[in-house]
Amino acid sequence: MVKYHGKGVYGAIAIGSISIFRRKNIQVKKIKTDNTSTELERLEKAKGKATEQLRKIYEKALKEVGEANAQIFEIHMMMIEDDDYNEAITKMITEQNVNAEYAVSVTAGNFADMFSSMDDSYMQARAADVHDISNRIIACMNGCETEAVPSAEKVIICADDLAPSETVSLDKDKVLAFATSCGSSGSHTVILAGNMNIPAIIGLGEEFLTQIKDGTTAIADGFTGTFIVDPDEATLSEYKQKQQEEEEKKKLLQELKGRENITLDGKKIDIFANIGSAGSIDTVLGSDAGGIGLFRSEFMYLENTDYPAEEEQFRIYKHVLESIPGKVIIRTLDIGADKQADYFHLEHEENPALGLRAIRLCLSRPEIFRVQLRALYRASVYGRLGIMFPMITSISELEEILALCSEVKNELKESDIEYSENIELGIMIETPAAAIISDRLAPMVDFFSVGTNDLTQYTLACDRQNPRVERFCDTHHEAILRLIEMSAENAHKNGIWIGICGELAADTSLTETFLRMGIDELSVSPSLVLKVRDTVRKINLNG
Ligand code: PEP
Ligand code: MG
C-alpha cells in the first residue's frame, strides 16, 4: 500500500482500478516517394477526418462543459486550416518527396519549437496544441483513433496532466476519478472535472506515474487529496464504509429537494449556487438551488483567446437567465492576480493580488468593461438579473461604476435597445476596506455578497495561492467574522440584503453563526446546496 498526497478538487471518494492514460505514440517513419500527389490527397483526407472528430468533441464539450470551455476545440479546428502550417507541410512533401505523416510530424516539431521559444506565455502554450492537432492528423492517416477509455469497467484515470481535448473526450460514464501528477487548481482539467462532477486529485508529484500500474486497485479521496494505491484490507474496508456513508448522506439529502431553507424557528434564507460557466446550468437545476449567487464571468474570458464580443456574452447571459427561474447574479470580470489571460497583456506585478485586478482593471480599461455591461443590460430582459462588482475598496470606485452603468443604459435607450429597470446592482465585500465602510456603500447598492476567500486573504495578509502560509490562514478568525457581522448590520440598516458567496458559505460549522448575524443568502457549489439546507433546517435560533 502506498499513499500519495495531492490536492482534492472535487469532494467524493472513488475506489477502482487504475488506468494510466497513454497517448498513442505513433512511430512516424520517413519514406521517400515520387507519388507526392497521393500524399497530398492522404493529407487532405486526414485533415477532414481530424476536423470531423474535433467537431464532435466540440459538440460534446458544449453540452457537458459549456461554450467557454469548448472553445479550445474550435481553435484546434482553425489551427488545422492555418495557412503557414499547411504551406510548410505541403512544401516538405513536394520539395523533399516525403510521406505526409513525416511532413506533418516534422512541421509540428518546428512550429512547437517556435512557439515554445516565444516570450508570450499564451504563444508558448500553443506548442502543445500544435502537437495535439498534428498527432490527430497522423492518427487519422493511419486509421488509429486516439484517446479511447481503455476498458468497459469504470476506472480511475491517472495521467501526468490532461489536455482539455483529452479530458472531454473521455467517456464520462467510464471515469470514476482523475488523478494527475501535475496540474494547478486553475488548470483546464480541474475546471472541466469540476463541471463534469468527477472527483479529481491533482499535484500528486512527479514520482506518482512511474510507480503505479494499470489494473491496480486504488482509492481517490477527493475530500482530502489522498490517493492510495493497492490499499490493504483494513484501509479498503474503511474507505468502502466512508464511501457508503457518503452515498447514504447524499441519498438522504435528496429527500430535501423541494423543501424550504427554513430554521426550526421559522427563519428562511436563500441558498443559491456558484458556477463558472453556462455549462453548469443543468447541475444547478438538479441541485435545487434557488438561483445563482455567483456566476464567475471571468472563466468565459479565461477560456477565450481574445476578448469575448458583446454578442457572444449577450448570448451566454441570455441563455443562463432564460434557463434559471430564480435570481441570477453575474459577477463582472474578476481577472488579474491568479487569473491571467494572455491577450489582456497584463504587466508583471510584484504583488498581483494587490495589483491591477478585478474592478481596478475594469475601471482602468473601461472599453472592456463597457462591452460586458452592455451585454449584461441587454440580457437583463430575459430573467432576474443581479450584477455584482468584485474587489471594491472605495466610494469613488462605486461612483465610477454606477456612472458607467448609467451611460450604458442611456446608450441602449438611444439605440432603442431593451433592458430591464429591475436589475439589482451589488458589490462583493471581499476587502476589509469595503466591510469597514459598508455603512457608506450600502445606500448606493441593492445587495452585498461577502467573498470570504479574498476577505480572508486580505484581512489576514495570507496569500491564498501560497500553500506555505495555509496554516496561518484561519478562515474562522474573529477579525473575519466581525467584518461580516459589521457588513450585515450595515446592509440591514440600509434595507438591503446580504449574502456570502466565498467558500465559507458552505462551511456548515458556521451556518448558525451566519444566520444569527442575519445573513440572507448563502451561495455554494451546486453539490453542497442540500447539505447546507439540511444544516439550516436543524438550527433553532431561539434555542
Ligand atoms: C471570494 O473571494 O470569496 C470569491 C467568491 O471570489 P473568488 O474566489 O472568485 O475570488
Ligand atoms: Mg474574490
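Above this text you will find the structure in question.
The rules behind these values
Residues numbered from 1 in each chain as written. Chains lettered and ligands numbered in written order. Predicted model: local features only at pLDDT ≥ 70, side-chain atom pairs only at ≥ 80, totals over all residues. Heavy atoms only, no water. Buried < 20%, exposed > 50% of the residue type's maximum accessible area, 1.4 Å probe, protein only. Helix = DSSP H or I, 4+ residues; strand = E, 2+ residues; numbered from the N terminus. Pairing = 2+ DSSP bridges. 1 Å grid on protein atoms, 1.4 Å probe; cavity = no way out; pocket = protein on both sides within 12 Å on 5 of 7 lines; lining within 4 Å. Points joined across faces, edges and corners; volume = space filled by probe spheres on them. Domains from an automatic or database assignment. Donors = N, O, S within 2.8 Å, 3.2 Å for Na, K, Ca; no water. Near = heavy atom within 4 Å. Polar contact = N/O pair within 3.5 Å; in protein donor to acceptor, adjacent residues only side chain to side chain. Sits in = over half its atoms within 2 Å of the grid points. Nonpolar A, V, L, I, M, F, W, Y, C, P; charged D, E, K, R; others polar.

Help me out: how do you make sense of the pairing of strand 3 (residues 13–20) in this one?
Regular strands show a simple pattern: their side chains alternate between the two faces of the sheet. For strand 3, a buried count of eight out of eight residues is recorded, marking the element as mostly surrounded by other parts of the structure. With five bridges joining them, strand 3 and strand 7 (residues 217–221) adopt antiparallel strand pairing. Within strand 7, the position partnered with I13 by the bridge is D221.

Which parts of the structure should I look at to understand the layout of surface pockets?
Once rolled over the atoms, a probe with the size of a water molecule shows which space is left empty. Quantified by volume, the second largest pocket comes out at close to 400 Å³. Around the second largest pocket, the lining comprises 23 residues; the ones closest to its centre are I75, M78, M79, Y122 and R126. For the lining of the second largest pocket, the secondary structure elements donating two or more residues are helix 2 (67–80), helix 3 (83–96), helix 4 (100–116) and helix 5 (121–141). Shared between two domains, the lining of the second largest pocket holds at least three residues of each, these being domain 2 (36–141) and domain 3 (263–536).

I keep staring at the coordination of the magnesium ion (ligand 2) and nothing clicks. Help me out?
Reference values for coordination geometry: four tetrahedral donors around a metal ideally subtend 109.5 degrees, six octahedral donors ideally subtend 90 or 180 degrees. Only E430 (OE) and D454 (OD) from the protein coordinate the magnesium ion (ligand 2), and they sit 2.0 to 2.1 Å from it. With E430 in the loop between strand 13 (424–429) and helix 16 (432–436) and D454 in helix 18 (residues 452–460), this pair connects stretches of sequence that are 24 residues apart. Each member of the pair, E430 as well as D454, is classed as buried.

Before we go on, may I ask you to explain the site of ligand 1 in this structure?
Near ligand 1 lie 15 residues; those nearest to it are R296, R331, G451, N453 and R464. Note that an oxygen atom of ligand 1 is positioned 3.4 Å from one of the backbone N or O atoms of G451. With respect to the pocket detection grid, ligand 1 is positioned in the largest cavity. Among the secondary structure elements, those contributing two or more residues to the shell around ligand 1 are strand 10 (292–296) and helix 18. The element contributing the most residues to the shell around ligand 1 is helix 18, with three residues. Residues of the shell around ligand 1, tallied by class, amount to three nonpolar, four polar and eight charged.

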